[in-house]
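Fold and contact review
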Amino acid sequence: MSYEKVFKLVIAGDGGVGKTSLTNKFITGIFKTDTRITIGVEFFIKDLPIEGLGIVRLQIWDFGGEERFRFLLPTYVKGANGIMFLFSTTNMLTLSHFDDWLPILRNYDPTIPIMLVGTKIDLKAQRRVTKHEAIDIARSRGCSSYVEVSAKESINVEEAFRTLTKVMWNYQARRE
Ligand code: G3D
Ligand code: MG
């Protein structure tokens with residue numbers, strides 16, 4: 001497939017929030033139940049046709065959120081066109097940690113598009129973060145948008161990637 005652009009997209013967030021599950025679901029359409037702890041970083045490619053724009057080749061960097069790999073992140077963020085920051089809607093701490101991640105994510109490009117993504121919305125009874133709270137954080141931290149997803153129940157998965165891809169496209173166009 002020929003593509004118009006290549007965008008590097010970094011998936012960040014605490015361990016266990018569902019980064020690998022969301023990436024897998026988007027790439028393969030399958031919700032795997034045996035995702036192992038991601039060591040360092042995993043790298044995926046997906047060609048995404050965007051109506052009216054063209055085909056975008058997404059290079060997706062699924063970053064291992066485990067503390068002992070955190071030192072690698074600044075290197076991976078270099079040259080990124082956009083970032084998805086995932087937290088679990090079942091765990092407020094994973095959203096609180098956004099502020100710890102932000103300086104690293106914005107180190108090379110202080111205005112890089114960052115989409116805030118609340119995961120596991122199928123776990124309704126375990127929900128601890130309201131949509132309202134998450135939107136407030138997204139706004140006050142200058143995120144491009146907030147999306148809620150479930151990799152398990154296939155809610156908003158492709159939409160999240162599409163939305164961010166369009167934002168990355170516009171962002172790059174403005175800088176050219
Ligand atoms: P990570 O890559 O951010 O570390 P993973 O997270 O994708 O490995 O997911 C961590 C755990 O959350 C996994 O469960 C996974 O199945 C679960 N999970 C991911 N996305 C969803 C979702 O949308 N809904 C639900 N209910 N669970 C999800 P285990 O039990 O393997 O630890
Ligand atoms: Mg992982």
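The structure this text deals with has already been given above.
Another point: the packing of aromatic side chains. For the structure on display, the rule yields 9 aromatic pairs. With a centroid separation of 6.3 Å and an interplanar angle of 90°, the aromatic rings of F63 and W101 are classed as edge-to-face. With F63 in strand β3 (residues 54–63) and W101 in helix α4 (residues 98–105), the pair connects residues that are 38 residues apart, well separated along the chain. We note that F63, like W101, is buried. An aromatic cluster is built from F43, W61, F63, Y76, F85, F98 and W101, whose rings are joined through pairwise contacts. K8 extends its terminal NZ or CZ atom over the ring of W61, reaching a point 3.8 Å from the ring centre. For the cation-ring pair, K46 lies above F26, with the distance from its terminal atom to the ring centre recorded as 4.9 Å.

If you check the shell around ligand 1, you find 17 residues, and the closest are G16, K19, T20, S21 and D122. Contacts to ligand 1 include V17, whose backbone N or O atom sits 3.3 Å from an oxygen atom. Contact between ligand 1 and K120: an oxygen atom at 2.9 Å from a side-chain N or O atom of the residue. Here ligand 1, which alone exposes 650 Å², has 75% of that area covered by the protein. In the shell around ligand 1, the residues fall into 4 nonpolar, 8 polar and 5 charged.

It is worth spelling out the pattern of salt bridges at this point. The tally for this structure, following the rule as stated, stands at 5 salt bridges. Measuring nitrogen to oxygen at the nearest pair gives 2.8 Å for the salt bridge that ties R57 to D47. With R57 in strand β3 and D47 in strand β2 (residues 41–50), the pair connects residues that are 10 residues apart, well separated along the chain. What makes R57 partly exposed here is its relative accessible area of 22%. On the accessibility criterion, D47 (17% relative accessible area) is buried. R127 is paired through a salt bridge with E148; the nearest N and O atoms lie 2.4 Å apart. Of the two residues, R127 sits in the loop between β5 (114–119) and α5 (131–140) while E148 sits in strand β6 (residues 145–148), which places them 21 residues apart along the sequence.

It is worth spelling out the sheet that holds β6 at this point. Ordered in space as β2-β3-β1-β4-β5-β6, the 6 strands form an open sheet in which the pairing is mixed. Strand pairing shows two members of the sheet lacking a second neighbour, β2 and β6, which therefore form its edges. Each strand of the sheet is rotated relative to its neighbour by a mean of 25°, with strand direction disregarded. The sheet contact formed by strand β1 (residues 5–12) and strand β4 (residues 82–88) spans 4 bridges and is parallel.

Our next topic: the environment of I60. Note on placement: I60 falls in strand β3. A relative accessible area of 0% places I60 in the buried class. C-alpha separation for the pair I60 and I83, spaced 23 residues apart in sequence, amounts to 9.6 Å. Excluding its chain neighbours within four sequence positions, the residues that come into contact with I60 are L9, I11, T23, F26, I27, E42, F43, F44 and F161.

Turning our attention to the nonpolar core. If you look at the biggest cluster of nonpolar residues, it comprises 25 residues, and the most contacted ones within it are L9, L22, L58, I60, M84 and F161. Among the elements of the structure, β1, α1 (19–28), β2, β3, β4, β5 and α6 (157–175) are those that each provide at least two residues to this core. Ranked by residues supplied to this core, first place goes to α6 with 6 residues. Not counting chain neighbours up to four residues away, the residues in contact with F161 comprise L9, I11, L22, F26, L48, L58, I60 and M84. Core analysis: the next-biggest nonpolar cluster, separate from the first, contains 24 residues, A80, F87, L95 and W101 among them.

Each value, and the rule that gives it
- Residues numbered from 1 in each chain as written.
- Chains lettered and ligands numbered in written order.
- Predicted model: local features only at pLDDT ≥ 70, side-chain atom pairs only at ≥ 80, totals over all residues.
- Heavy atoms only, no water.
- Phe/Tyr/Trp six-rings, centres within 6.5 Å; stacked < 30°, edge-to-face > 60°.
- Helix = DSSP H or I, 4+ residues; strand = E, 2+ residues; numbered from the N terminus.
- Buried < 20%, exposed > 50% of the residue type's maximum accessible area, 1.4 Å probe, protein only.
- Lys NZ or Arg CZ within 6 Å of the ring centre and 35° of its normal.
- Near = heavy atom within 4 Å.
- Polar contact = N/O pair within 3.5 Å; in protein donor to acceptor, adjacent residues only side chain to side chain.
- Areas by Shrake-Rupley, 256 points an atom, 1.4 Å probe, with all protein chains shown as cover.
- Nonpolar A, V, L, I, M, F, W, Y, C, P; charged D, E, K, R; others polar.
- Salt bridge = Lys/Arg side-chain N within 4 Å of Asp/Glu carboxyl O.
- Pairing = 2+ DSSP bridges.
- Axes fitted to C-alpha atoms, helices over the stretch in contact; angles between N-to-C directions.
- Contact = heavy atoms within 4.5 Å.
- Core = buried A, V, L, I, M, F, W, Y, C linked by side-chain atoms within 4.5 Å.

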